[in-house]
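# Geometric and topological summary
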Amino acid sequence: MKEFSFSIGVFINLLLLETASCAGDSSVVNPCCYYPCQNSGVCVRFGTDRYECDCTRTGFFGQNCTDPQFWTRLYLMLKPCPEMVHFILTHFQWFWDLVNNSFLQDIFMRLVLTVRSDLIPSPPTYNTKYGYLTWESYYNISYYTRLLPPVPEDCPLPTGTKGKPVLPDTKVLVQRFFKRQKFRPDPQGTNLMFAFMAQHFTHQFFKTNREVRGGFTKALGHGVDASNIYGDNLVRQLHLRLHKDGKLKYQVVNDEMYPPTASEVPVHMVYPEGFPAEQRLVIGQEVFGMLPGLSMYATIWLREHNRVCDILKAEHPTWDDEQLFQTTRLIIIGEIINIIIQEYVQHLSGYLLKLKFDPSLLFKARFQYSNRIALEFCHLYHWHPLMPDSFLIDGEEIPFSQFLYNTSLLMHYGVEKLVDAFSRQPAGQIGGGRNSHEIVLKVAEMVIRESRVARMQPFNEYRKKFNLKPYTSFYEFTDDADMARGLEELYGDIDALEFYPGVLLERARSNSIFGESMVEMGAPFSLKGLLGNPICSPEYWKPSTFGGETGFSIVKTSTLKKLVCLNTKWCPYVDFHVPRNEEEAKPRKLSTEL
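Residues numbered from 1 in each chain as written. Predicted model: local features only at pLDDT ≥ 70, side-chain atom pairs only at ≥ 80, totals over all residues. Heavy atoms only, no water.

Scanning the protein for helices and strands turns up 24 helices and 10 strands. Its C-alpha radius of gyration of 25 Å places the protein within 12% of the 25 Å reference for a compact globule of 594 residues. The C-alpha extent of the protein, read off along each of the three principal axes, is 85 × 50 × 50 Å. Buried positions account for 55% of the 594 residues belonging to the protein. Looking at the protein alone, contacts between residues at least 24 apart form 69% of all its contacts between residues at least 6 apart. On the protein, roughly 26,500 Å² of surface is accessible, and the fraction owed to carbon and sulfur atoms is 56%. The distance from the centre of the 61 positive side-chain charges to the centre of the 65 negative ones in the protein is 1 Å. (Helix = DSSP H or I, 4+ residues; strand = E, 2+ residues; numbered from the N terminus. Rg over C-alpha atoms; globule rule 2.2 N^0.38 Å. Buried < 20%, exposed > 50% of the residue type's maximum accessible area, 1.4 Å probe, protein only. Contact = heavy atoms within 4.5 Å. Areas by Shrake-Rupley, 256 points an atom, 1.4 Å probe, with all protein chains shown as cover. Lys, Arg positive; Asp, Glu negative; His and termini not counted. Charge placed at Lys NZ, Arg CZ, Asp CG, Glu CD.)

Right, dumping it as structure tokens:
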């Protein structure tokens with residue numbers, strides 16, 4: 001009935017437009033501005049006032065791709081809604097214990113991977129310039145790709161045909177709905193160790209080129225390539241390398257290995273003007289000197305790289321520097337993907353199904369080993385509400401203002417104390433709004449401005465793309481009545497709500513870090529990017545790629561705890577979750593369990 005009403009509404013609007021045109025009004029609205037094509041149908045304009053929906057391979061037919069074919073109808077009848085799937089995956093512990101300890105784990109894991117990744121088109125379809133398929137969208141990797149085409153330029157309103165003629169002022173929007181009133185910890189137990197991993201991990205492929213308008217990326221790679229460790233170009237990489245035994249350059253402070261300084265390695269890093277050269281740590285990613293949490297992870301990965309080089313050299317004494325470096329890099333990439341899937345995504349999902357990193361699960365599936373970063377993925381991943389008001393390290397409280405660009409904290413406390421402190425301190429809840437520290441508000445403003453330049457479609461259109469029910473009102477969207485009234489005042493219509501405010505302000509699921517949309521939209525991009533990595537392909541996923549069974553084992557058995565504790569003097573509490581009990585939080589000596 002709702003689809004029928006939608007079709008009638010579009011028909012009446014187009015009829016009125018036709019009548020206006022016949023009466024002599026030359027300003028005919030592009031019919032695609034009404035987003036008439038449902039279920040991933042493609043709107044194609046003909047003449048000035050006619051459109052057709054291309055329903056090819058959508059499983060639907062009809063004028064607006066709203067009539068399901070027989071097998072689609074049957075599938076929709078049997079398919080549980082996303083909320084039900086989430087409920088099942090986060091409840092019934094006894095059932096998931098059975099699954100996790102049997103062959104059923106592989107079946108469920110394969111299902112999770114295929115269902116999620118199938119939502120992301122490969123090869124990519126649109127980019128940030130074109131609203132139709134072009135060779136540029138596929139070939140020119142300097143663009144971010146995008147899931148939905150841009151709002152047509154000739155639409156009467158900024159988001160199509162709904163809402164107000166002018167979008168809300170970004171500063172007003174962010175101050176009213178993003179700015180923290182009181183720190184709200186994530187009820188899921190997420191900590192700062194997770195928060196800094198999120199930043200460290202994603203900044204290898206989220207590198208927006210802000211010198212060029214229109215959604216360009218400076219990243220040469222569109223996935224997990226460890227460029228945040230090794231640099232995103234060959235010149236930077238060669239400067240960072242020791243050129244001996246495959247290792248990276250380092251300095252020794254208090255008998256421990258740390259990244260070198262700018263006085264030793266002449267590569268560009270982003271530091272405030274006048275920042276002392278001896279305190280400018282040089283890292284693969286040029287902005288990682290900004291936060292000690294990022295410098296901490298950079299130090300851990302530097303030590304891990306050089307540790308793995310020693311292991312490979314002992315097994316392959318005939319290998320030269322280049323082969324040792326290149327093979328170690330592949331191992332590091334494997335470790336990153338393993339830790340992200342089995343611990344980072346596991347924690348984020350809240351699933352009782354134990355996630356498993358096993359690329360062979362997809363070897364018989366239709367799967368492409370390539371990836372392109374989408375603008376929507378880049379935007380939704382701005383999770384700045386994770387950051388607290390201050391940082392608690394070894395009994396001292398450090399305000400945000402004194403934390404920024406303070407590289408001395410890394411050597412002063414050491415990696416062990418930073419890991420222990422960040423693993424114990426709660427991060428903020430992302431969903432629900434009004435939980436971003438004042439220092440990071442300008443980033444939210446920037447993301448919203450970028451989305452407007454790229455003419456991103458409204459939030460509800462993305463809900464439909466990911467098979468989610470579009471919201472019918474702001475009061476359904478958020479359980480904060482004041483926020484609902486305010487958003488309605490600024491946007492006028494729920495169908496005009498923008499994408500980034502939508503995923504950040506949406507009411508959070510019960511006891512969860514964020515809302516339904518962030519999970520259902522973010523997970524497909526994430527899993528497709530992780531499993532689409534070349535090392536996960538049948539050609540790469542074998543022992544010889546990683547120097548033999550020893551290197552292959554390092555990849556397959558890697559954990560966050562191993563990563564830290566094999567590269568520190570003592571093993572702190574390390575996890576993506578704050579301590580659940582006193583026993584879990586006790587620091588431990590290195591042991592054979594690693």
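There's plenty left to go through after this.
Each pair of packed helices can be described by the angle between their axes along with the distance between the axes. Across the interface, helix α8 (residues 192-202) lies against helix α12 (residues 321-349) with an axial gap of 12 Å and an inter-helix angle of 135°. Here α8 is positioned oblique relative to α12, judged by the angle of their axes. Like other packed secondary-structure pairs, α8 and α12 cross with a definite hand, here left-handed. Residue-level contacts link F194, M197, A198 and F201 of α8 to I336, I339, I340, Y344, H347 and L348 of α12. When grouped by side-chain class, the residues that make up the contact of α8 with α12 number nine nonpolar, one polar and no charged. (Axes fitted to C-alpha atoms, helices over the stretch in contact; angles between N-to-C directions. Parallel < 35°, antiparallel > 145°, perpendicular 65-115°, else oblique. Left-handed = near helix turned anticlockwise from the far one by under 90°. Nonpolar A, V, L, I, M, F, W, Y, C, P; charged D, E, K, R; others polar.)

Let us look at the pattern of salt bridges. Scanning the entire structure with this criterion turns up 30 salt bridges. Of the charged contacts in the structure, one is a salt bridge between R424 and D420, with a shortest N-O distance of 2.7 Å. Placement of the pair is R424 and D420 together in helix α15 (residues 408-424), with a separation of four residues, close to one helical turn. By relative accessible area, R424 is classed as partly exposed at 32%. Using a relative accessible area of 14% as the deciding quantity, one classes D420 as buried. One salt bridge connects R463 with E506, and the closest N-O pair in it is separated by 3.3 Å. Linking R463 in helix α17 (residues 459-465) with E506 in the loop between α20 (499-505) and α21 (516-531), this pair joins segments that are 43 residues apart in sequence. Neither R463 nor E506 differs from the other in exposure class; each is buried. Through salt bridges that share partners, E83, R116, R509 and E520 make up one connected network. (Salt bridge = Lys/Arg side-chain N within 4 Å of Asp/Glu carboxyl O.)

Our focus in this paragraph is α8. Counted residue by residue, α8 has 11 buried out of 11 residues, so it is predominantly covered. The complete set of buried residues in α8 reads L192, M193, F194, A195, F196, M197, A198, Q199, H200, F201 and T202. Taking the backbone nitrogen of M193 as reference, a side-chain oxygen 3.1 Å away marks N191 as the first, capping residue of α8. (Polar contact = N/O pair within 3.5 Å; in protein donor to acceptor, adjacent residues only side chain to side chain.)

Here we come to the environment of P276. Among the structural elements, P276 can be located in the loop between β8 (256-258) and α11 (292-315). On a C-alpha basis, the gap between P276 and K469 in space is 54 Å, while along the polypeptide they are 193 residues apart.

In this section: the packing of aromatic side chains. Counting across every chain of the model gives 42 aromatic pairs. Of the aromatic side chains, those joined through ring pairs into one cluster are F194, F201, F205, F206, Y344, F377, Y381, W383, F466, F514, F525 and F576. Directly above the aromatic system of F367 lies the positively charged group of K528, at a separation of 5.4 Å from the ring centroid. Residue placement shows K556 over the ring face of F552; its charged tip is 4.1 Å from the ring centre. (Phe/Tyr/Trp six-rings, centres within 6.5 Å; stacked < 30°, edge-to-face > 60°. Lys NZ or Arg CZ within 6 Å of the ring centre and 35° of its normal.)

Counted under the stated rule, the structure contains five disulfides. Between the sulfur atoms of C33 and its disulfide mate C155 the distance is 1.9 Å. Residues C33 and C155 are joined through a disulfide that is left-handed, its torsion about the S-S bond being -100°. Note that C33 is positioned in the loop between α1 (2-22) and β1 (42-46) and C155 in the loop between β6 (145-146) and α7 (170-177), a separation of 122 residues in sequence. The disulfide that involves C565 links it to C571, with 1.9 Å between the sulfurs. Judged by the torsion about the S-S bond (60°), the C565/C571 disulfide is right-handed. On the basis of relative accessibility, which here comes to 0%, the residue C565 falls in the buried class. Given the relative accessible area of 2%, C571 is considered buried. (Disulfide = S-S within 2.5 Å.)

Together, F70, W71, L74, M77 and L78 line one region of the surface with nonpolar side chains, adding up to about 670 Å² of accessible area. As for its position among the elements, F70 is in helix α2 (residues 70-78). Judged by relative accessible area, F70 falls into the exposed class, the value being 58%. (Patch = residues over 30% accessible without salt bridge, like charges linked within 9 Å, V, L, I, M, F, W, Y side chains within 5 Å.)

A few words on the pairing of strand β2 (residues 50-54). Note on strand geometry: in a regular strand, side chains alternate between the two faces of the sheet. Here β2 shows a clear split, with Y51 and C53 buried on one side and none of R50, E52 and D54 buried on the other. Bridge analysis of β1 against β2 gives five bridges, and the strand direction is antiparallel. From the neighbouring strand, C43 faces β2, where its bridge partner is C53. Counting the residues in the hairpin turn of β1 and β2 gives three residues, including G47, whose phi is positive at 60°. (Pairing = 2+ DSSP bridges.)

Turning our eyes to something else, we now look at the nonpolar core. Nonpolar side chains in soluble globular proteins tend to end up buried together. Counting residues in hydrophobic clusters, the biggest one holds 146 residues, and the most contacted among them are F178, F196, M296, Y344, W383 and F422. When residues of this core are assigned to their parent elements, the largest contribution, 13 residues, is made by α12. Setting aside its immediate chain neighbours within four residues, W383 contacts F194, A198, Y344, L348, I430, F514 and M518. In terms of nonpolar packing, the next biggest core, distinct from the first, is built from seven residues, Y51, C53, C55 and F60 among them. (Core = buried A, V, L, I, M, F, W, Y, C linked by side-chain atoms within 4.5 Å.)

Turning our attention to the packing of α12 against α21. Packing of α12 against α21 brings their axes to within 10 Å, and their N-to-C directions diverge by 150°. Considering the angle they form, α12 stands roughly antiparallel to α21. Taken as a pair, α12 and α21 cross one another with a handedness that is left-handed. On α21, the residues touching I337, I340, I341 and V345 of α12 are S526, L530 and L531.

By themselves, these observations are geometric and do not establish any function.
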